[in-house]
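Overview (structure and organization)
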Amino acid sequence: IQAQSVEPPLFMRGIELWRRGLLDEAEASWMNYLQYADHCSAPHATDLRFNLGVLRHQKNDFESAHQFYEAALQCNPNHVNALTNSAIVLAALDKLADAANLMRKVIQLTPDNPSAHKNLAYVEQRIAAASYGSDSEKTAAAPHSKVNTLFIL
């Protein structure tokens, strides 16, 4: 079966299910499509991986969310929402240097993005606090940008 023949019923069905709040069903639909869209040239390849990352992120499964964001970035290295969300989950996983690097890339791509600047400042504050052995990084405010929502065509 070719990806194009299953794309509308699986990818678009996943979007409809997500809109109705049926996250597990949306994820199942997208995971089914992923077996056909296993390469970046498949229709909706980047969006599929990004959407799965958002779903896992919403479930606080940060490791898996990061893997899907990274997969989206393999398809499109300049996908600003995937870069941002990946940085947010890396910060949640205390991988602060990696999170800061991704936020710097977001700022390079979108220099007028105030959330990116705030998120970078938050991560840098946590890095500085950690280097001084402070516990304040554990109580610092969360990133100013909420999880970017699903990329819907």
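Further up the page is the structure itself.
Parameters at a glance
- Residues numbered from 1 in each chain as written.
- Predicted model: local features only at pLDDT ≥ 70, side-chain atom pairs only at ≥ 80, totals over all residues.
- Heavy atoms only, no water.
- Salt bridge = Lys/Arg side-chain N within 4 Å of Asp/Glu carboxyl O.
- Helix = DSSP H or I, 4+ residues; strand = E, 2+ residues; numbered from the N terminus.
- Buried < 20%, exposed > 50% of the residue type's maximum accessible area, 1.4 Å probe, protein only.
- Axes fitted to C-alpha atoms, helices over the stretch in contact; angles between N-to-C directions.
- Parallel < 35°, antiparallel > 145°, perpendicular 65-115°, else oblique.
- Left-handed = near helix turned anticlockwise from the far one by under 90°.
- Contact = heavy atoms within 4.5 Å.
- Nonpolar A, V, L, I, M, F, W, Y, C, P; charged D, E, K, R; others polar.

**Quick look at the pattern of salt bridges**
Under the criterion given, the structure shown has 5 salt bridges. A salt bridge links Glu-27 to Arg-56; the shortest N-O distance between them is 2.3 Å. A residue pair is termed long-range when its members are at least 10 positions apart, and Glu-27 in helix H2 (residues 23-34) and Arg-56 in helix H3 (residues 45-58) qualify at 29 residues. You can call Arg-56 buried: its relative accessible area is 17%. Residues joined by salt bridges that share partners form a network here, namely Asp-24, Glu-27, Arg-56 and Lys-59.

**Topic: the packing of helix H4 (residues 62-75) against helix H5 (residues 80-92)**
Running from amino to carboxyl end, H4 crosses H5 at an angle of 150°, the nearest separation of the two axes being 9 Å. In terms of axis orientation, H4 runs roughly antiparallel to H5. For H4 against H5, the interelement crossing comes out left-handed. Contact with H4, carried on its side by Phe-62, Ala-65, His-66, Tyr-69, Glu-70, Ala-72 and Leu-73, involves Ala-82, Leu-83, Asn-85, Ser-86, Val-89, Leu-90 and Ala-92 of H5 and no other residues of that element. Here the contact of H4 with H5 is built from residues that sort into 10 nonpolar, 3 polar and 1 charged.

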